[in-house]
Amino acid sequence: MTRLLSGVVLGAATLAAILLLPPVGLRVLACLVAALASREYLGVLHQNGKPPHLAPLLVLVVATCWWMSDVTPGPLLAVLLLGLGWLAIEVVFLGLTVDRAAARVLAQWYIGMPLGMLAAVESMTGRMGPLLLIATIAVSDSAQFYTGRLFGRRPLAPAISPKKTVEGAVGGLVLATVFVALAGPALLPGAGRLSLALLGVIMVVLGIVGDLFESRLKRIAGVKDSSVIIPGHGGILDRIDALLFATPAFYVYLQV
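Per chain, residue numbering runs from 1 following the sequence as it is written. Residues qualify for local features only when their pLDDT is at least 70, as the model is predicted, and side-chain atom pairs are given and counted only at 80 or more; totals for whole chains, interfaces and linings, by contrast, use all residues. The side-chain values count all of the structure's non-hydrogen atoms but skip hydrogen atoms and water molecules.

Novice: Could you give an account of the environment of L118, with specific residues and numbers?
Specialist: With respect to the secondary-structure elements, L118 resides in helix α6 (residues 107-125). With a 1.4 Å probe rolled over the protein chains alone, any residue whose accessible area is under 20% of its type maximum counts as buried; one over 50% counts as exposed, and the rest are partly exposed. The buried category is assigned to L118, whose relative accessible area is 14%. Separated by 106 residues in the primary sequence, L118 and A12 place their C-alpha atoms 18 Å from one another. Contacts: residue pairs with any heavy atoms within 4.5 Å of one another. Excluding residues within four positions of it along the chain, L118 makes contact with P130, L133, L243 and T247. Helix numbering and strand numbering both begin at the N terminus, where a helix is a DSSP run of H or I of at least 4 residues and a strand a DSSP run of E of at least 2.

Novice: Requested: an account of the packing of aromatic side chains, with residues and values cited.
Specialist: For any pair of aromatic rings, the description rests on two quantities: the centre-to-centre distance and the angle between the ring planes. Stacked, tilted and edge-to-face pairs are distinguished by plane angle, under 30 degrees for stacked and over 60 for edge-to-face with tilted covering the rest, among Phe, Tyr and Trp rings (Trp via its six-membered ring) whose centres lie within 6.5 Å. According to the stated counting rule, one finds five aromatic pairs in the structure shown. Considering the side-chain rings of Y110 and F213, the 5.0 Å spacing of their centres and the 65 degrees angle between planes classify their relative orientation as edge-to-face. Here F213 lies in helix α9 (residues 193-221) and Y110 lies in helix α6, a separation of 103 residues in the sequence. By relative accessible area, Y110 is classed as buried at 5%. Through pairs of rings, three or more aromatic residues link up here, namely Y41, Y110, F213 and F245.

Novice: Outline the pattern of salt bridges, supporting the account with residue identities and numerical values.
Specialist: A pair is scored as a salt bridge if a Lys or Arg side-chain nitrogen falls within 4 Å of a carboxyl oxygen belonging to Asp or Glu. Per the stated rule, a full pass over the model turns up six salt bridges. Across the pair E214 and K218 runs a salt bridge, and its minimum N-O distance is 3.6 Å. One end of the pair, E214, and the other, K218, are both in helix α9, four residues apart, so they sit about a helical turn from each other. A relative accessible area of 11% means that K218 is categorised as buried. K218 is the salt-bridge partner of D238, the closest N and O atoms lying 2.9 Å from each other. Note that D238 is positioned in helix α10 (residues 236-255) and K218 in helix α9, a separation of 20 residues in sequence. Across this residue pair, the class does not change: D238 and K218 are buried. Counted as one network, the salt bridges with shared partners bring together E214, K218 and D238.

Here is the structure:
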């Protein structure tokens, strides 16, 4: 019951934010979520203690999110150079190993960039764009869960997420693709059903990869959830893991 109530509240809050906040408000909200999710990500990486030098990394993530939330962001090279600059500082001056520093700076691209793109989608399409994007991922997640429970027999990635099944993934792929193909033209006037169906397939596959990616991070760290901020659901990162991988595909679709 706790999980269900939390999900309803979270869904209602997301819908209200999309429909009621002005564009600058959505950009600020995206950056706030990016900061909180990055804090969780860094906490997973540093299970044995408090993440060191946290503030500069969070500033880097927020700056990347804000940069990418612009409809016409500047060259991505500038964002890349910011990350490489802080990576060099962590390795040369702060004594972190290259692999540990790189995993930390990854938050810039893993979390900051896609959440910035999500805010930019609203500027490009109006409120219906992010609504379609988030709804597609929600349909995919729900379909994977229920079809997996009903028909699941073959594990999809047993070493990473034992409860995920091939049947559940197929169910999510089919239902979410049908959803975006049917709802897409109404929410994105001018978009063709065939291109939307292809986009749906790509988004669902990427969403599954994003889910498994975060599950792998948690399994390596030996934790069940990224945090306990959302009762019954874990952390913010646990709720947006699929969205982080799927959003860039939607963003690119709108750009081409």
